[in-house]
Amino acid sequence: MTVHFVGAGPGAADLLTIRGRELLAASPVCLYAGSLVPTAMLDACRAGTRLVDTALMSLDEIVGEMLAADEEGLDVVRLVSGDPSVFSAIAEQIRRLDAAGVPFDVCPGVPAYAAAAAALGREFTVPTVAQTVTLTRVAAQATPMPADEGLGSLTAAAGTVVVHLAVHRIDEVVADLTAVHGGCCPVAVVAHASREHEIVLRGRLDSIAGAVREAGILRTAVIVAGPALAAEQFPGSHLYSDTRVRLPG
């Protein structure tokens with residue numbers, strides 16, 4: 001058997017990849033976080049699939065379900081929100097599977113920051129304005145951050161910063177970013193990106209916290225800040241420049 005870690009994407013069922021949908025249809029066991037993965041996505045599962053909502057389960061319990069399936073020779077899909085490469089907690093699950101000799105693979109998904117960019121109608125890398133995107137979070141009520149990965153130090157080099165899992169700490173995030181970029185820095189908050197109840201807020205660092213509170217956003221959101229969000233006057237990229245030498249083939 002194999003445990004398939006599948007990126008469920010930002011929430012919209014039709015943003016699940018074709019590969020992810022095929023794995024769901026072929027696997028007799030599916031583990032998913034009911035608080036993050038919409039039930040419509042589970043429609044891709046075949047009849048009789050064992051569905052396990054892991055929202056209230058511990059790591060031991062989640063891995064226990066995988067090991068039990070392994071003993072029965074049953075493939076498992078472990079749905080994770082967004083893309084498995086960031087903030088998915090698959091590293092600790094993979095470590096347990098490796099120790100138990102259980103094979104696994106990873107199917108990428110649409111990341112939350114990409115869905116937020118689509119909702120905003122913005123590119124996060126704009127020529128001469130921003131060519132770096134930093135994906136991070138804050139440590140409050142969560143696993144501590146590495147000592148050299150504080151929000152202020154990470155974003156001091158400018159570019160576009162995307163803060164996950166932190167909208168409930170909006171005042172703290174705003175304070176850290178304002179200390180580096182100033183209150184007039186463009187910022188946006190996108191909640192439930194790609195879903196019917198998506199909320200998009202645009203503003204500046206000195207006003208966004210009030211807008212977040214007024215909208216009642218407490219979770220399932222990303223905070224995006226940086227000059228790329230408001231960039232209008234910038235040169236075209238070299239890729240499509242008339243002066244670029246293009247070689248055949």
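An account of the accompanying structure is given in this report. All values reported here derive from a predicted model rather than from experimental measurement.

### A few points about unusual backbone geometry
For F87, which is not glycine, the phi torsion reads 50° and is therefore positive. Relative to the elements of secondary structure, F87 occurs in the loop between β4 (76–80) and α3 (90–100). A positive phi angle, close to 85°, is found at S194, a residue other than glycine. Relative to the assigned elements, S194 resides in the loop between β8 (186–191) and β9 (199–204).

### Re the pattern of salt bridges
Counting across every chain of the model gives 6 salt bridges. For the salt bridge of E172 with R169, the shortest nitrogen-to-oxygen distance reads 2.9 Å. Take E172: its relative accessible area is 28%, and that puts it in the partly exposed class. A relative accessible area of 30% places R169 in the partly exposed class. Among the salt bridges present, the one from R204 reaches D206, with a minimum N-O distance of 2.4 Å. Taking relative accessible area as the criterion, R204 reaches 40% and is therefore assigned partly exposed. Residue D206 is classed as partly exposed on the basis of its relative accessible area of 48%.

### Comments concerning the packing of helix α6 (residues 170–181) against helix α7 (residues 208–215)
Where α6 meets α7, the closest approach of the two axes is 9 Å, and the angle between their N-to-C directions is 165°. The orientation of α6 with respect to α7, classified from their angle, is roughly antiparallel. Considering how the two elements wind past one another, α6 and α7 form a crossing that is right-handed. Along its contact with α6, which presents I170, D171 and V174, the element α7 presents I208, A209, V212 and R213.

### Considering the sheet that holds strand β3 (residues 50–53)
Either a parallel or an antiparallel arrangement is found when strands of a sheet pair, and the pairing is made through backbone hydrogen bonds. In space, the 5 strands of this open sheet follow the order β3-β2-β4-β1-β5, with parallel pairing throughout. Every other strand in the sheet has two partners, leaving β3 and β5 (104–107) as the edge strands with one partner each. Shown here is a sheet whose adjacent strand axes are inclined to one another by a mean of 20°, direction ignored. As defined by bridge partners, strand β2 (residues 29–32) adjoins β3 across 4 bridges and the pair is classed as parallel. Considered in β3, the bridge of L31 is made with V52.

### Re the nonpolar core
By size, the foremost hydrophobic cluster in this structure holds 22 residues, and its most contacted members are I170, V173, V189, I208, V212, I217 and I223. When residues of this core are traced back to their parent elements, those giving at least two are β7 (160–164), α6, β8, α7 and β10 (221–225). Counting residues per element, this core draws most heavily on α6, at 4 residues. Discounting residues that sit within four places of it in the chain, V189 has contacts with V167, I199, V200, L201, I208, V212, I217, A221, V222 and I223. With 15 residues, the next largest nonpolar core counts V6, L24, Y32 and L79 among its residues.

### Focus: the state of the cysteines
As used in these notes, a disulfide is a covalent bond between sulfur atoms, one from each of two cysteines. Using the criterion set out here, one finds 0 disulfides in the structure. The thiol sulfur of C30 is not disulfide-bonded, and the nearest other cysteine sulfur, from C45, lies at 4.4 Å. When its relative accessible area of 13% is taken as the criterion, C45 is described as buried.

### Digging into the layout of surface pockets
In this approach the atoms are scanned with a rolling probe the size of a water molecule, which exposes any empty space left behind. Of the volumes computed, that of the second largest pocket is approximately 180 Å³. In terms of lining, the second largest pocket is formed by P84, S85, V86, F87, S88, A89, I90, A91, E92 and L165.

What counts as what
Residues numbered from 1 in each chain as written. Predicted model: local features only at pLDDT ≥ 70, side-chain atom pairs only at ≥ 80, totals over all residues. Heavy atoms only, no water. Helix = DSSP H or I, 4+ residues; strand = E, 2+ residues; numbered from the N terminus. Salt bridge = Lys/Arg side-chain N within 4 Å of Asp/Glu carboxyl O. Buried < 20%, exposed > 50% of the residue type's maximum accessible area, 1.4 Å probe, protein only. Axes fitted to C-alpha atoms, helices over the stretch in contact; angles between N-to-C directions. Parallel < 35°, antiparallel > 145°, perpendicular 65-115°, else oblique. Left-handed = near helix turned anticlockwise from the far one by under 90°. Contact = heavy atoms within 4.5 Å. Pairing = 2+ DSSP bridges. Core = buried A, V, L, I, M, F, W, Y, C linked by side-chain atoms within 4.5 Å. Disulfide = S-S within 2.5 Å. 1 Å grid on protein atoms, 1.4 Å probe; cavity = no way out; pocket = protein on both sides within 12 Å on 5 of 7 lines; lining within 4 Å. Points joined across faces, edges and corners; volume = space filled by probe spheres on them.

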